[in-house]
Amino acid sequence: MTAQTSAASPLAPEWLKYPEDANALLPKMWARDVARGAGGELEISGIPVSELKARFGSPLFVMSEADFRARARDFKQSFDEAFAELCGGVDVYYAGKSFLCTEVARWVEQEGLRLDTSSGGELAVAARAGVPGSKLGLHGNNKSDAELRRALDMGLGRIIVDGLDELHRLAAIAAERNERANVMFRLTPGVHAHTHEFIATAHEDQKFGLSMAGLSEAMTDSPAEQAVRAALGYDSINLLGLHCHIGSQIFEPEGFALAAERLLEFVARMRADYGAELAELDLGGGYGIAYTDADTPRPPAELAKAMAAVVRSTCTRLGIEVPRISIEPGRAIVGPSTFTLYETGTLKTVNVDTPDGGTYPRRYVSVDGGMSDNARPVLYDADYSVVLASRVTQQPAIISRVVGKHCESGDIVVRDAYLPADVAAGDLLAVPGTGAYCWALASNYNYLARPGVVAVADGQARLIVRGETEEDLLARDLG
């Protein structure tokens, strides 16, 4: 492949066209304070990546604190404005499962957001950060009694109940303590989001939530309706409202709108049939971000206006008051705020068969991390982008595959990308959009130490999560 070739490789995805400038950064994929410095090296808040590598090593998650905070504020302000006349604003819960540490939990609260957790461990992080229990929610399809007790100990503002068994257990635990648990029910509205099967969460055939449909012709009401009726009979349950989550990495607002309409119809029916005042409605998260040039994320203001219009019209049609709305963005806040910095090692080029019977060269570029710090490509076939970060070059860009160092052929970081022909061992590469579900899913496969996380703000860099050492890896080995 030469610099003059403009068509994609026959083996590359349709969106992978030869870049006009291989050194360029597409703003939608990067934090706002990431740029090329005067010498061509990638910088964040004015700090060159070579300096970060020298201080903190690699692989390394590099996070822009300013960008994270700005995106959090944007969601809060945009949704507050769109829903101000309807319900006085929106409660924005940051989805902690995307990435959570004590420092991030503090940023979330300082920016006026609340925090959504999915386990006792995430509750422990929130407690350590000093986030009040009233600003916390707890998710999970299989919460333990210990997690439910911890939620009550901390005075959680909401426990999102996932099934009838959990409701009965929680009601009993709260009754023993002479307390009332704040509960929302997670429902599956049957909305099929256009996303990967493993991250679509609102269809019937999956583990989450209470079905809104009867399981048989003989069933007179759905599990969701049974749960509402049961909750109203418990003195130890304070039923706040309903919750749904239709999936992840979703770009269009129509799925959220349809889910809102179905849940509001359920709210109206429960009020008519049982006198239930379901005063809160959480429409979940899953807003998409740009991992590649083909991705087209919607700004929060556009999503908020579309969702507010549907909520307004549906409530008017049903003759009900607008519930207090909440949402749960995670990826859309933290994802673009972070890139992963790698050092290159072994390189090789292979010839690959093409559909027309010819061959095509593909270069493999190995880096010092891989599936242990980013499991999403192997889990979801997730696409990412990559740039040469330590310098710029005018050498032609060639089709490349960035791979990790693990003993797995599926250990791929970026499946198809154009990188300069003169990339060599010791160069630094940067992969944007790795703030969500990369560190959170990190492992010690092949006994690799998990990377640290550096927060950069106002020209200063500091560790907010220390990278592991070999001592850490061996600390639990009792042999």
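The model shown is predicted, which means the values in this text are computed figures rather than measured ones.

Here the focus is empty space enclosed by the protein. Within the structure shown, the criterion is met by four cavities of 30 Å³ or more. Space inside the largest cavity adds up to approximately 40 Å³. Around the largest cavity sit Pro-377, Val-378, Asp-381, Ala-382, Gly-410, Ile-412 and Arg-415, which together line it. Broken down by class, the residue content of the lining of the largest cavity amounts to four nonpolar, one polar and two charged.

Let's shift gears to the environment of Leu-42. Locating Leu-42 in the fold gives a position in strand E2 (residues 42-44). On the basis of relative accessibility, which here comes to 0%, the residue Leu-42 falls in the buried class. Expressed as a C-alpha distance, the spacing of Leu-42 and Gly-275, which sit 233 residues apart in the sequence, is 60 Å.

In this structure the tally under the stated criterion is 34 salt bridges. Glu-109 is paired through a salt bridge with Lys-135; the nearest N and O atoms lie 3.5 Å apart. Placement of the pair is Glu-109 in helix H3 (residues 102-110) and Lys-135 in the loop between helix H4 (120-129) and strand E7 (136-138), with a sequence separation of 26 residues. For Arg-229, the salt bridge identified is with Asp-221, shortest N-O distance 2.5 Å. Overlapping salt bridges, with partners in common, bring together Glu-65, Arg-69, Arg-73, Glu-103, Arg-106, Glu-111 and Arg-462 in one network.

Glancing now at the sheet that holds E2. With antiparallel pairing, the three strands of this open sheet are ordered in space as E1-E2-E3. Edge strands, defined here as strands with exactly one partner in the open sheet, are strand E1 (34-36) and strand E3 (47-48). Sheet topology places E2 next to E3; two bridges connect them, and they run antiparallel. By the bridge assignment for E3, Ile-44 is matched with Ile-47.

With that settled, the discussion passes to the UniProt feature "modified residue: N6-(pyridoxal phosphate)lysine" (unreviewed entry) in the protein. In the UniProt entry, the feature "modified residue: N6-(pyridoxal phosphate)lysine" (unreviewed entry) is given for Lys-97. Here Lys-97 is to be found in the loop between strand E5 (90-95) and H3. Residue classification places Lys-97 among the partly exposed residues on the basis of a relative accessible area of 37%. Contacts of Lys-97, omitting those with residues within four sequence positions, involve Asp-116, Ser-118, Glu-122, Tyr-437 and Ala-440.

What follows deals with the environment of Leu-156. Inspection of the secondary structure assignment puts Leu-156 in the loop between helix H5 (145-153) and strand E8 (158-161). Classification of Leu-156 by relative accessible area gives buried; the value is 5%. Other than its neighbours up to four places away in sequence, Leu-156 contacts Leu-123, Gly-133, Leu-136, Gly-137, Leu-138, Ala-151 and Asn-182.

This next bit is on the packing of aromatic side chains. Going through the model one piece at a time under the given rule, you end up with ten aromatic pairs. Relative to Tyr-287, the ring of Phe-75 has its centre 5.5 Å away and its plane inclined at 35°; by these criteria the two rings are tilted. Of this pair, Phe-75 sits in helix H2 (residues 65-87) while Tyr-287 sits in the loop between strand E12 (280-282) and helix H9 (300-318), and the two are 212 residues apart along the sequence. Assessed through its relative accessible area of 4%, Phe-75 is described here as buried. When the ring of Phe-79 is compared with that of Tyr-287, the centres are 6.4 Å apart and the planes differ by 45°; the resulting orientation is tilted.

Between Ser-58 and the following residue, Pro-59, the backbone shows a cis peptide bond with an omega angle of -5°. The phi dihedral of Asn-178 falls on the positive side, at around 60°, and the residue is not glycine. At Gln-249, a position not held by glycine, the phi torsion is positive, near 55°. Among the structural elements, Gln-249 can be located in the loop between strand E11 (237-243) and helix H8 (254-274).

With that out of the way, let us pick up the packing of H4 against H5. For the pair H4 and H5, interaxial distance at closest approach is 10 Å and the crossing angle is 25°. Put simply, H4 runs roughly parallel to H5. In this structure, the crossing between H4 and H5 has a hand that is left-handed. Together, Gly-120, Gly-121, Leu-123 and Ala-124 of H4 and Glu-147, Arg-150 and Ala-151 of H5 make up the contact between the two elements. Of the residues in the contact of H4 with H5, the class split is three nonpolar, two polar and two charged.

Basis of the calculations
Residues numbered from 1 in each chain as written. Predicted model: local features only at pLDDT ≥ 70, side-chain atom pairs only at ≥ 80, totals over all residues. Heavy atoms only, no water. 1 Å grid on protein atoms, 1.4 Å probe; cavity = no way out; pocket = protein on both sides within 12 Å on 5 of 7 lines; lining within 4 Å. Points joined across faces, edges and corners; volume = space filled by probe spheres on them. Nonpolar A, V, L, I, M, F, W, Y, C, P; charged D, E, K, R; others polar. Helix = DSSP H or I, 4+ residues; strand = E, 2+ residues; numbered from the N terminus. Buried < 20%, exposed > 50% of the residue type's maximum accessible area, 1.4 Å probe, protein only. Salt bridge = Lys/Arg side-chain N within 4 Å of Asp/Glu carboxyl O. Pairing = 2+ DSSP bridges. UniProt positions renumbered as here; feature names shortened; annotations may be inferred. Contact = heavy atoms within 4.5 Å. Phe/Tyr/Trp six-rings, centres within 6.5 Å; stacked < 30°, edge-to-face > 60°. Axes fitted to C-alpha atoms, helices over the stretch in contact; angles between N-to-C directions. Parallel < 35°, antiparallel > 145°, perpendicular 65-115°, else oblique. Left-handed = near helix turned anticlockwise from the far one by under 90°.

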